[in-house]
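# Secondary and tertiary structure notes
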Amino acid sequence: MTGWKHGTPSGAQMHYRMGEKPCEACRAAKNEYNRKKNHLRRLVHRCISIPEGVLVELYLNATPEAQEHLEAVIDLPTLDRMVAAHDEKESA
Ligand SMILES: [Zn+2]
């Protein structure tokens, strides 16, 4: 079988489709993929509502790591728009 890459989540999928256990590289890639997906899902499914201004302030004062988490769950144009609106209010 050619045309599929080992060491990727879709590689693992191909192993399953062929009725075999994924090789070590594919298994590791799949585990890592699931770990990230579950992590994000947990973040996304525990939802609360907070005012945009408060969120932006938290974002701007957050550690780079925490900012990355936020950027993973909010699309960047939305985040940019909120930050811009926040800056405008600050300078007004
Ligand atoms: Zn493989």
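Residues numbered from 1 in each chain as written. Predicted model: local features only at pLDDT ≥ 70, side-chain atom pairs only at ≥ 80, totals over all residues.

Quick look at the overall build of the protein chain now. Counting secondary structure elements, the protein chain contains five helices and zero strands. Expected size for 92 residues packed as a compact globule is a radius of gyration near 12 Å; at 20 Å, the protein chain overshoots this value by more than 25%. Once the C-alpha set of the protein chain is aligned to its principal axes, its extents read approximately 65 × 25 × 20 Å. Across the 92 residues of the protein chain, 7% fall into the buried class. (Helix = DSSP H or I, 4+ residues; strand = E, 2+ residues; numbered from the N terminus. Rg over C-alpha atoms; globule rule 2.2 N^0.38 Å. Buried ≥ 20, exposed ≤ 12 C-beta atoms within 10 Å, placed from the backbone.)

At their nearest, the axes of helix 3 (residues 52-61) and helix 5 (residues 76-91) sit 9 Å apart, and the two run at 95° to each other. Comparing their axes, helix 5 and helix 3 come out roughly perpendicular. Packed against helix 3, whose contacting residues are E52, G53, L55 and V56, the element helix 5 presents M82, V83 and H86 at the interface. (Axes fitted to C-alpha atoms, helices over the stretch in contact; angles between N-to-C directions. Parallel < 35°, antiparallel > 145°, perpendicular 65-115°, else oblique. Contact = placed C-beta atoms within 7 Å.)

Let us now look at the confidence of the model for the protein chain. On average, residues of the protein chain score 88 in pLDDT, and 95% of them are at 70 or above. No element of the protein chain has a lower mean pLDDT than helix 2 (residues 24-45), at 87, and none a higher one than helix 1 (residues 9-17), at 93. (pLDDT = per-residue confidence, 0-100.)

One can find R41 in helix 2. On the basis of neighbour count, R41 is assigned to the exposed category, with 10 C-beta atoms found within 10 Å. R41 sits 35 residues away from L76 along the chain, and the two C-alpha atoms are 18 Å apart.

This part covers the environment of L76. Tracing the sequence through the fold places L76 in helix 5. Measuring from C-alpha to C-alpha, the distance between L76 and N34 comes to 23 Å, with 42 residues separating the pair along the chain.

Turning next to helix 5. Compared with an ideal rise of 1.5 Å per residue, which puts 16 residues at 22 Å, helix 5 spans 22 Å between its outermost C-alpha atoms and is within 8% of the ideal. Here helix 5 lies mainly on the outside; zero of its 16 residues are buried. (Expected span 1.5 Å × (residues − 1).)

Per the domain assignment, the segments making up the protein chain are domain 1 (1-47) and domain 2 (48-92). Listed per partner, the contact involves four residues of domain 1 and four residues of domain 2. For the side of domain 1 that touches domain 2, a count of residues per class yields four nonpolar, no polar and no charged. (Domains from an automatic or database assignment. Nonpolar A, V, L, I, M, F, W, Y, C, P; charged D, E, K, R; others polar.)

It is worth spelling out the environment of R46 at this point. With respect to the helices and strands, R46 occurs in the loop between helix 2 and helix 3. Judged by C-beta crowding, with 7 C-beta atoms within 10 Å, R46 ranks as exposed. A C-alpha to C-alpha distance of 22 Å links R46 and P64, two positions 18 residues apart in sequence.

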